[in-house]
Protein chains: 2
Amino acid sequence: MAEGTSGPRKRADARRNEQNLLEAAAAAFRAAGVDAPVRDIATRAGVGVGTIYRHFPTRADLIVAVYRHQVEACAEAGPALLAGSDSAHAALRRWIDLFADFLITKHGLAGALRSDDDAFRSLHAYFLDRLVPVCDRLLAAAAAAGEIRADIPALTLMHGVGNLCIGADQDPRYDARRLVGLLLAGLRVPEPPEQTRAY
Amino acid sequence: MAEGTSGPRKRADARRNEQNLLEAAAAAFRAAGVDAPVRDIATRAGVGVGTIYRHFPTRADLIVAVYRHQVEACAEAGPALLAGSDSAHAALRRWIDLFADFLITKHGLAGALRSDDDAFRSLHAYFLDRLVPVCDRLLAAAAAAGEIRADIPALTLMHGVGNLCIGADQDPRYDARRLVGLLLAGLRVPEPPEQTRAY
DNA sequence: TTCACAAACGGAACACTGTTCCGTATCGTC
DNA sequence: GACGATACGGAACAGTGTTCCGTTTGTGAA
């Protein structure tokens, strides 16, 4: 995974191709979303399709590689926001906005995160592993400060925000950020009496 | 569209096949979601694929035909709930629960509703045409009663609820109904000061 | 009852996906 | 320069949706 993991150094052409592939994939994702056809990416990179699969066995691997920096940045922004904000809730809100912005600007990424396709399972896992703990800390801090309810798991919230971001770049009438704000607002109030849960 | 629209009556075998197709599609959708392969549906119905396309030119047409009754029922429940509930907000809440339940129990329907695939455009249009006005009335009534904010368009809310329902049947840890409830709760409070909107 | 023709059917064929596999080319080393 | 390991390319396969047209079937008229 990480660059420096022991093992014999890869051949020069392999390293070059991997780099080309990352750039080509980033461009293809920008142009056609994270579902861009494998052949398109291969052509952009000037390699055969086999080379893609050798370097990135699943599409998830490729997507993770392309967006790893941004996911890491998002993860690191959590504690920083918590330290630098007036309230934990404000930090949470800003962090969620960061996360939502990231998803909204990556065509189809939010959808891929929700796909039940096996090829996307590890993408899902990576996002969750990396970001849920961060979200959890923000949530816990805000709950401890009495600013929000304490009964929503970070995983649930992130799923929800991710879902709200699906298709946000396709319909100008759909304001995902607004809905995310609404969801966060819903977090502030105690759950209303459950008149409707018992059908 | 409607059964009774003039024109010469269809041939008996055509009517029979259409009926078989509807039942086969319903079964296939239950078993494999609304993305069930065309050939599967054709086989279940004992017809060739050409016959599907003759009766239902796009997948959206087939889905709409299969679920029309339930969508209509949902649409009709709106005014009924408004008349029979203590408050407009309670009616809204119940109606949204109805809508969410419908989506959650139909594998992949929520996702299809969000797809940018051309084949699903008319599905999207049908749902919106039929349900947005209903939602709008509930929203307007609740807003008029001062129970919720008045600045969220029905279209936006329905998109949001639909999105939250995506994948709800795939991950037991994901509680879509809970999040929908949170969204509704967010509707009750005035929008918090926008500290984060101006980055 | 038979006939003729419009209506409808079936499924082969095509286009476009992802994925695998192996003969060939290239790199790094001795 | 030669050799072995590494990596490459793209043909081939499998699974989708969709179209098209030769064949079959239903129906109304003779």
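Residues numbered from 1 in each chain as written. Chains lettered and ligands numbered in written order. Predicted model: local features only at pLDDT ≥ 70, side-chain atom pairs only at ≥ 80, totals over all residues. Heavy atoms only, no water.

### Overview of the protein's contact with DNA strand D
Then step 1. As a matter of local geometry, DNA strand D sits amid 24 residues, with Arg11, Asn17 and Arg54 of chain A together with Arg39 and Tyr53 of chain B nearest to it.
Then step 2. Within 4 Å of the protein, atoms of DNA strand D come from sugar and phosphate in 57% of cases.
Then step 3. A distance of 3.0 Å separates a base oxygen of DNA strand D from a polar side-chain atom of Arg11 of chain B.
Then step 4. Of all the secondary structure elements, the ones that give two or more residues to the surface near DNA strand D are α1 (12-32) and α3 (49-55) of chain A together with α1 (12-32), α2 (38-45) and α3 (49-55) of chain B.
Then step 5. Among the elements that make up the surface near DNA strand D, the one with the highest residue count is α3 of chain A (five residues).
Then step 6. Residues of the surface near DNA strand D, tallied by class, amount to nine nonpolar, six polar and nine charged. (Near = heavy atom within 4 Å. Polar contact = N/O pair within 3.5 Å; in protein donor to acceptor, adjacent residues only side chain to side chain. Helix = DSSP H or I, 4+ residues; strand = E, 2+ residues; numbered from the N terminus. Nonpolar A, V, L, I, M, F, W, Y, C, P; charged D, E, K, R; others polar.)

### Observations regarding the UniProt feature "domain: HTH tetR-type" (unreviewed entry) in chain A
Then step 1. Per the UniProt annotation, the sites labelled "domain: HTH tetR-type" (unreviewed entry) are residues 15-74 of chain A.
Then step 2. This span, residues 15-74 of chain A, is 82% helix and 0% strand, and a straight line between its end C-alpha atoms measures 27 Å. (UniProt positions renumbered as here; feature names shortened; annotations may be inferred.)

### Brief notes about the protein's contact with DNA strand C
Then step 1. Taken together, 25 residues lie near DNA strand C, and Arg39 of chain A together with Arg11, Asn17, Thr51 and Arg54 of chain B sit nearest.
Then step 2. Each atom of DNA strand C within 4 Å of the protein belongs either to a base or to sugar and phosphate, the latter forming 56%.
Then step 3. In this structure, a base oxygen belonging to DNA strand C sits 3.0 Å away from a side-chain N or O atom of Arg11 of chain A.
Then step 4. One of the backbone nitrogen or oxygen atoms of Gly48 of chain B is found 3.0 Å away from a phosphate oxygen of DNA strand C.
Then step 5. Of all elements in the fold, only α1, α2 (38-45) and α3 of chain A together with α1 and α3 of chain B reach the threshold of two or more residues within the surface near DNA strand C.
Then step 6. It is α3 of chain B that provides the largest number of residues to the surface near DNA strand C, a total of five residues.
Then step 7. For the surface near DNA strand C, the residue count by class is nine nonpolar, seven polar and nine charged.

### Thoughts on the interface of chain A and chain B
Then step 1. In this complex, chain A contributes 42 residues to the contact, which on the side of chain B involves 40 residues.
Then step 2. Approximately 3,900 Å² of surface area, both sides summed, lies buried where chain A meets chain B, with 57% of it carried by carbon and sulfur atoms.
Then step 3. Our count for the contact surface shared by chain A and chain B stands at two salt bridges.
Then step 4. For Arg178 of chain B, the salt bridge identified is with Asp151 of chain A, shortest N-O distance 3.0 Å.
Then step 5. For the interface between chain A and chain B, the tally reads nine residue pairs in polar contact (both at pLDDT 80 or more).
Then step 6. Those elements that place two or more of their residues in the side of chain A that touches chain B are α5 (88-104), α8 (154-164) and α9 (176-188) of chain A.
Then step 7. Looking at the side of chain A that touches chain B element by element, the count peaks at eight residues for α9 of chain A.
Then step 8. Taken together, the residues that form the side of chain A that touches chain B break down as 16 nonpolar, ten polar and 16 charged. (Contact = heavy atoms within 4.5 Å. Buried area = accessible area lost by both parts, 1.4 Å probe. Salt bridge = Lys/Arg side-chain N within 4 Å of Asp/Glu carboxyl O.)

### Regarding the domain arrangement of chain A
Residue and element names in this part refer to chain A.
Then step 1. Partitioning chain A into domains gives domain 1 (11-56) and domain 2 (59-188).
Then step 2. A separation of 27 Å is found between the C-alpha centroids of domain 1 and domain 2.
Then step 3. At the interface, 13 residues of domain 1 touch twelve residues of domain 2.
Then step 4. Broken down residue by residue, the surface that domain 1 buries against domain 2 is led by Phe29, Val34 and Phe56, which jointly contribute 56%.
Then step 5. Our enumeration of links across domain 1 and domain 2 arrives at zero salt bridges.
Then step 6. Across the domain 1-domain 2 interface, the total number found is three residue pairs in polar contact (both at pLDDT 80 or more).
Then step 7. Put simply, the parts of the chain that give the side of domain 1 that touches domain 2 at least two residues each are α1 and α2. (Domains from an automatic or database assignment.)

### Re the relation of the copies chain A and chain B
One copy of the chain maps onto the second through a rotation about an axis and a displacement along it.
Then step 1. After a rotation of 180° and a shift along the axis of 0.0 Å, chain A superposes on chain B with an RMSD of 0.0 Å. Between the two chains, the operation in question is that of a two-fold axis. Relative to the rotation axis, the C-alpha of Gly186 of chain A is the closest in chain A, positioned 1.8 Å from it.
Then step 2. Both copies share a contact surface, since 95% of the interface residues of chain A are interface residues in chain B too. (Least-squares fit on C-alpha atoms with pLDDT ≥ 70 in both.)

### Description of the packing of α5 of chain A against helix α7 (residues 121-144) of chain A
Residues and elements named next belong to chain A.
Then step 1. Their axes nearest at 8 Å, the elements α5 and α7 cross at an angle of 155°. The angle between α5 and α7 places the two elements in the roughly antiparallel class. When the axes of α5 and α7 are compared, the crossing they make is left-handed. Counted together, Ala88, His89, Ala91, Leu92, Trp95, Phe99, Phe102 and Leu103 of α5 and Phe127, Leu131, Val134, Cys135, Leu138, Leu139, Ala141 and Ala142 of α7 form the full contact between these two elements.
Then step 2. Split by residue class, the contact of α5 with α7 holds 15 nonpolar, one polar and no charged. (Axes fitted to C-alpha atoms, helices over the stretch in contact; angles between N-to-C directions. Parallel < 35°, antiparallel > 145°, perpendicular 65-115°, else oblique. Left-handed = near helix turned anticlockwise from the far one by under 90°.)

### Concerning the pattern of salt bridges
Then step 1. Evaluated as defined, the whole model comprises 18 salt bridges over all chains.
Then step 2. When the shortest N-O distance is used, the salt bridge between Arg121 of chain A and Asp118 of chain A registers 3.1 Å. The two residues Arg121 of chain A and Asp118 of chain A agree in class, both being exposed.
Then step 3. For Asp101 of chain B, the salt bridge is made with Arg177 of chain B, and the minimal N-O distance between the two is 2.4 Å. Of the two residues, Asp101 of chain B is situated in helix α5 (residues 88-104) and Arg177 of chain B in helix α9 (residues 176-188); the sequence distance between them amounts to 76 residues.
Then step 4. Counted as one network, the salt bridges with shared partners bring together Arg149 and Asp151 of chain A together with Arg178 of chain B. (Buried < 20%, exposed > 50% of the residue type's maximum accessible area, 1.4 Å probe, protein only.)

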